[in-house]
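The primary structure of each chain is shown beneath.
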Amino acid sequence: MSEDPAAEAGDAESDEPDAAAIVDALDHPLLLFDGVCNLCNGFVRFVLRFDAAGTYRFAPLQSDVGQELLDRHDLATEDFDTVVLIEGEEYYTKSTAALRVLRHLDGPWPVLFPLLYLPRWLRDGAYDLVATHRYRVFGKKEACPVPDPEVRDRFANRTFE
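Rules and cut-offs
Residues numbered from 1 in each chain as written. Predicted model: local features only at pLDDT ≥ 70, side-chain atom pairs only at ≥ 80, totals over all residues. Heavy atoms only, no water. Axes fitted to C-alpha atoms, helices over the stretch in contact; angles between N-to-C directions. Helix = DSSP H or I, 4+ residues; strand = E, 2+ residues; numbered from the N terminus. Parallel < 35°, antiparallel > 145°, perpendicular 65-115°, else oblique. Contact = heavy atoms within 4.5 Å. Nonpolar A, V, L, I, M, F, W, Y, C, P; charged D, E, K, R; others polar. pLDDT = per-residue confidence, 0-100. Pairing = 2+ DSSP bridges.

## Details of the packing of helix α2 (residues 38-50) against helix α5 (residues 120-138)
A pair of packed helices is characterised by two quantities: the angle between their axes and the separation of those axes.
Here comes step 1: The N-to-C vectors of α2 and α5 enclose an angle of 95°; their axes lie 8 Å apart at closest approach. It follows that α2 is roughly perpendicular to α5 by the angle criterion. Taking contact as the criterion, the partners of Asn-38, Leu-39 and Cys-40 in α2 are, on α5, Val-130, Arg-134 and Phe-138.
Here comes step 2: Among the residues making up the contact of α2 with α5, the classes are represented as four nonpolar, one polar and one charged.

## Points about the packing of helix α4 (residues 94-102) against α5
Here comes step 1: Relative orientation of the contacting elements α4 and α5 amounts to 95°, with a least axis distance of 8 Å. Relative to α5, α4 is oriented roughly perpendicular. Each of Lys-94, Ser-95, Thr-96 and Leu-99 in α4 lies in contact with α5, whose residues at this interface are Arg-120, Arg-123, Asp-124, Tyr-127 and Asp-128.

## Observations concerning the confidence of the model for the protein
Here comes step 1: Overall, the predicted model of the protein reaches an average pLDDT of 85, with 87% of residues at or above 70.
Here comes step 2: Mean pLDDT values for the elements of the protein range from 83 in helix α1 (residues 19-25) up to 97 in α4.
Here comes step 3: Counted against residues more than four places away or in other chains, residues 1-13, with its pLDDT under 50, gives 18 contacts.

## Details of the sheet that holds strand β4 (residues 90-93)
Here comes step 1: Reading across the sheet, the four strands line up as β2-β1-β3-β4 and stay open at both edges, with mixed pairing between neighbours. Of all strands in the sheet, those bounded by a partner on one side alone are β2 (57-60) and β4. The mean angle between the axes of side-by-side strands here comes to 20°, regardless of whether they run parallel or antiparallel.
Here comes step 2: The strands that α2 touches are β1 (30-33) and β2; relative to β1, the one it contacts most, it runs at about 160°.
Here comes step 3: Contacting β1, β2 and β3 (84-87), helix α3 (residues 64-72) crosses the sheet at an angle of about 105° to β1.

Structure representation (structure tokens):
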């Protein structure tokens, strides 16, 4: 038996893992991000760098796992203007998601968590401003990049071929 329940979650006819089974097997907080956005991919690399404990898992919003989670939480499956943090049965979006992630990272980043107490309209207004212009300022990729081999196990959607 594999030590990774998600790796066993494929169907009998293919080696492709079933998104619903992968989601059911998740046992870590998961960060959904826009897989083609350079800024979003930079945030994922940042979290990987400062998450020595390996707290977070990742999936692009566009992936089967991302779409399954969005659907389960009744979130729009075609809106990629936000990161979504899934913690158990709860989810958080925009600035709340980002600040909740920062509070568990190594280094000075947890000191930013109290910004959560600013009014949401202010935090999310700043977030929306960046999100609206992120492709123009930071660019975008044609497809979700393949993660480096040493961190692939931190990504919920494991089909990278």
